[in-house]
Amino acid sequence: MKALRLVAAFALFALCAVSPVRAQQSFIVLASTTSVDNSGLLGHILPLFTKKTGIEVRVIAQGTGQALATASRGDADLVLVHDPDAEAKFMAAGDGLIRREIAWNDFILVGPKSDPAKVSGMKDILAAMRAVWNAQAPFVSRGDKSGTDALEKRLWKADNLDPAKAGPWYKDIGGGMGAALNAAAAMDAYTLSDRGTWLSFNNRKNLVIAVEGDRRLLNYYDVIQLDPKKHPNIKRAQAKRLAAWLASQEGQAAIAGYTVGGEKLFHPEADPKP
Amino acid sequence: MSDFSEAFALALAMLARFDANLLSIVVLSLSVSLSAVAIASCIGLPAGAALAIYRFPGQASLVLLVNAMLGLPPVVVGLVAYLLLSRAGPLGSFGLLFTPGAMVIVQTVLVAPIITAIVHRAMEEAWARYGDEFRILGAPRIRAIPHLLVIGQRAVLTALLAGFGRAISEVGAIIIVGGNIAGVTRTMTTTIVLETSKGNLALALALGIVLISISIAINGLAFGLAGRKYRS
């Protein structure tokens, strides 16, 4: 009977431990990108919102493609992502109701200090990517349909280059921003990163910023409220409150107030763009 | 090597100051995995014993299937559960996706075959040895199940610990159906994935050390409890 007693003890302990976790006040699920969550932005600003409204925000951090897919299945109440093309498709499919830009920052090309493609300091991102291509220097691609991945593919295409035809120097890792930076650091490779994740990333090894400041590298974060006609189960009112708060003066000030090492990771929507 | 020494120092520091955040993550990991083991043993203990003492058509295939399920890829189980539990799926109305409940479900699916298979193997031997006695007594076979489980309690303990090992170390399934939400569905293993992706390798490794220590402690506790009986 010992086995049965052991099982009973397990069950009792487990039930006691799970139940307080499940007794929740009001909450919404925000499908968002790894860049805003891993960089610490959401951890910094969402508690302010929760304190003010009593609404807990549960963040699912995924790539933009996956976050939009999660929302289109009705599994999230609100979306915060950064891929203009994928967002437009999402809106056109009738999933989204209102889309609003709430913050921006920029992408950067990071690469090894040794800079085998000689791109350091270039101002033209297309020329820099062409140089990486010509040098066949190792390049890590997210390959996960995230906002960053979509931008990378757009940049190659803008210069009539097709990464599907690139050689073994082009490494499609199919992972998140952190995984891509870890891989690039380990292989001394170039990769595109959003500035927020880069600034809060702690395993840079030889990686430094190679190219920044091109207008084509601007990175817009949009919050999208879902269309209740298509998604009747979502918590529409609470989601609307969060969307409104993010765009409000208070929310924008909170975004502007998040810094790492004195550097602003995200600019509020109204900040002048370069 | 500095990575490793840093990780060990961090792990010790975390354990020493009894970090509240870490504690809640540990409690969630344990409660999810122990719940899964508890539910899976309610299925696996009787099922494993029954498979050993009953003969019926298709029994061999069923045993084969259970053993094959030991190799279930957690991500696939997670993905299937995700599609079922999603709002757009057939079980969406329960609102279980991205909750600890969903994580218990997927881990139960992963653990139940392990317990069933190990118990089945041990009960087969026990039944070969004691089966005749039961048959001579003329009692229905179902009455033999609890007796066999008591006779084979060491194997039962092994089955429970193996199941627990699978559950507590698993990440592929729970990160899909749990969503790795801070304070709600973030466990030891999903935290390790997250910290690795942030480049906090020493912290991730330190959490791994804490996880392994807890596993050792649980196994020690179980063996200690079981061992006391044999000594006394």
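These numbers were taken from a predicted model, which means no experiment stands behind them.

### Thoughts on the overall build of chain B
Next, step 1: Looking only at helices and strands, one finds ten helices and zero strands in chain B.
Next, step 2: Tracing chain B from N to C terminus, the helices and strands come up as α-α-α-α-α-α-α-α-α-α.
Next, step 3: With respect to the principal axes defined by its C-alpha atoms, chain B has extents near 65 × 50 × 30 Å.

### So, the overall build of chain A
Next, step 1: The number of helices and strands found in chain A is eleven helices and twelve strands.
Next, step 2: Seen along its three principal axes, the alpha-carbon backbone of chain A occupies a region of about 65 × 55 × 40 Å.
Next, step 3: Taken over 274 residues, chain A has a buried fraction of 47%.
Next, step 4: Sequence-distant contacts in chain A: of pairs separated by 6 or more residues, those separated by 24 or more amount to 75%.

### Things to note about the confidence of the model for chain B
Next, step 1: Residue-level pLDDT values for chain B average 91, and 97% of them are 70 or greater.
Next, step 2: Taken together, the chains of this predicted complex give a pTM of 0.87 and an interface ipTM of 0.83.

### Quick word on the packing of helix H6 (residues 125–135) of chain A against helix H7 (residues 147–158) of chain A
All names here are of chain A.
Next, step 1: Relative to each other, H6 and H7 sit at 85°, their axes nearing to 9 Å. Between H6 and H7, the angle is such that the two are roughly perpendicular. Counting all contacts with H6, which are made through Ile 125, Leu 126 and Met 129, the residues of H7 involved are Leu 155, Trp 156 and Ala 158.
Next, step 2: Here the contact of H6 with H7 is composed, by residue class, of six nonpolar, no polar and no charged.

### What to know about the domain arrangement of chain A
Residues and elements named next belong to chain A.
Next, step 1: For chain A, the domain assignment lists domain 1 (2–105 + 220–268) and domain 2 (106–217).
Next, step 2: Each of domain 1 and domain 2 has a C-alpha centre, and the two are 28 Å apart.
Next, step 3: With 21 residues of domain 1 in contact, the opposing surface of domain 2 contributes 15 residues.
Next, step 4: Looking at the side of domain 1 that touches domain 2, the elements with two or more residues in it are helix H2 (34–38), helix H4 (64–72) and helix H5 (84–92).
Next, step 5: The greatest single-element share of the side of domain 1 that touches domain 2, amounting to four residues, is contributed by H2.
Next, step 6: Of the residues belonging to the side of domain 1 that touches domain 2, the class tally is seven nonpolar, eleven polar and three charged.

### Some details on helix H7 (residues 153–169) of chain B
Next, step 1: Between the first and last C-alpha of H7(B) there are 24 Å, a value that for 17 residues agrees with the 24 Å anticipated at 1.5 Å per step.
Next, step 2: Turning to H7(B), its buried residues are B:Ala155, B:Val156, B:Ala159, B:Leu160, B:Gly163, B:Phe164, B:Arg166, B:Ala167 and B:Ile168.

### Here we look at the pairing of strand E1 (residues 27–33) of chain A
Residues and elements named next belong to chain A.
Next, step 1: Burial analysis of E1 places six of its seven residues in the buried class, the great majority of the element.
Next, step 2: Judged from the seven bridges that link them, E1 and strand E2 (residues 56–62) form a sheet pairing that is parallel. Each bridged residue has a counterpart across the sheet, and for Ser 32 the counterpart in E2 is Ala 61.

### Re the environment of A:Asp77
Residues and elements named next belong to chain A.
Next, step 1: Summarising the element assignment, Asp 77 is placed in the loop between H4 and strand E3 (78–81).
Next, step 2: Here the alpha-carbon distance between Asp 77 and Gln 238, two residues 161 residues apart in the chain, equals 8.5 Å.
Next, step 3: Not counting residues within four places of it along the chain, the set of residues in contact with Asp 77 comprises Ile 28, Val 29, Ile 234, Lys 235, Gln 238 and Ala 239.

### What about the environment of A:Met129?
Residue and element names in this part refer to chain A.
Next, step 1: Relative to the assigned elements, Met 129 resides in helix H6.
Next, step 2: Under the C-beta neighbour-count criterion, Met 129 is labelled buried, with 25 such atoms within 10 Å.
Next, step 3: Between the C-alpha atom of Met 129 and that of Asp 95, which follows or precedes it by 34 residues, the distance is 35 Å.
Next, step 4: Not counting residues up to four positions away in its chain, the partners in contact with Met 129 are Leu 155, Trp 156 and Asp 159.

### A closer look at the packing of helix H5 (residues 100–137) of chain B against helix H6 (residues 144–151) of chain B
Geometry of a packed helix pair, given as the angle between the helix axes and the separation of the axes.
All names here are of chain B.
Next, step 1: Orientation of H5 relative to H6, taken along the N-to-C sense of each, is 125°, at an axis distance of 10 Å. Considering the angle they form, H5 stands oblique to H6. Regarding H5 and H6, the two cross each other, and that crossing is right-handed. Mapping the contact onto sequence places Met 123, Ala 126, Trp 127, Tyr 130 and Phe 134 in H5 and Ala 144, Leu 148 and Ile 151 in H6.
Next, step 2: Counted by class, the contact of H5 with H6 contains eight nonpolar, no polar and no charged residues.

### Topic: helix H4 (residues 74–85) of chain B
Residue and element names in this part refer to chain B.
Next, step 1: When the terminal C-alpha atoms of H4 are compared, their 16 Å separation across twelve residues agrees well with the 16 Å that a helix rising 1.5 Å per residue should span.
Next, step 2: Among all positions of H4, only Pro 74, Val 77, Gly 78, Ala 81, Tyr 82 and Leu 85 are buried. Projected onto a plane normal to the axis of H4, the buried residues spread over an arc of 135° and lie on a single side.
Next, step 3: Summarising the contacts, the buried residues of H4 are in contact with H5 and helix H8 (172–178).

### Concerning the nonpolar core
Next, step 1: The biggest cluster of nonpolar side chains holds 142 residues, and the ones touching the most others in it are A:Val79, B:Val106 and B:Val177.
Next, step 2: It is H5(B) that provides the largest number of residues to this core, a total of 18 residues.
Next, step 3: Discounting residues that sit within four places of it in the chain, B:Val177 has contacts with B:Gly78, B:Ala81, B:Tyr82, B:Leu85, B:Leu97, B:Ala102, B:Met103 and B:Val106.

### Things to note about the environment of B:Ser61
Next, step 1: Checked against the element boundaries, B:Ser61 lands in helix H3 (residues 59–68).
Next, step 2: In sequence terms B:Ser61 and B:Ser33 are 28 residues apart; their C-alpha atoms lie 29 Å from each other.

Cut-offs applied
- Residues numbered from 1 in each chain as written.
- Chains lettered and ligands numbered in written order.
- Predicted model: local features only at pLDDT ≥ 70, side-chain atom pairs only at ≥ 80, totals over all residues.
- Helix = DSSP H or I, 4+ residues; strand = E, 2+ residues; numbered from the N terminus.
- Buried ≥ 20, exposed ≤ 12 C-beta atoms within 10 Å, placed from the backbone.
- Contact = placed C-beta atoms within 7 Å.
- pLDDT = per-residue confidence, 0-100.
- Axes fitted to C-alpha atoms, helices over the stretch in contact; angles between N-to-C directions.
- Parallel < 35°, antiparallel > 145°, perpendicular 65-115°, else oblique.
- Nonpolar A, V, L, I, M, F, W, Y, C, P; charged D, E, K, R; others polar.
- Domains from an automatic or database assignment.
- Expected span 1.5 Å × (residues − 1).
- Pairing = 2+ DSSP bridges.
- Left-handed = near helix turned anticlockwise from the far one by under 90°.
- Arc of directions from axis to C-beta.
- Core = buried A, V, L, I, M, F, W, Y, C linked by C-beta atoms within 7 Å.

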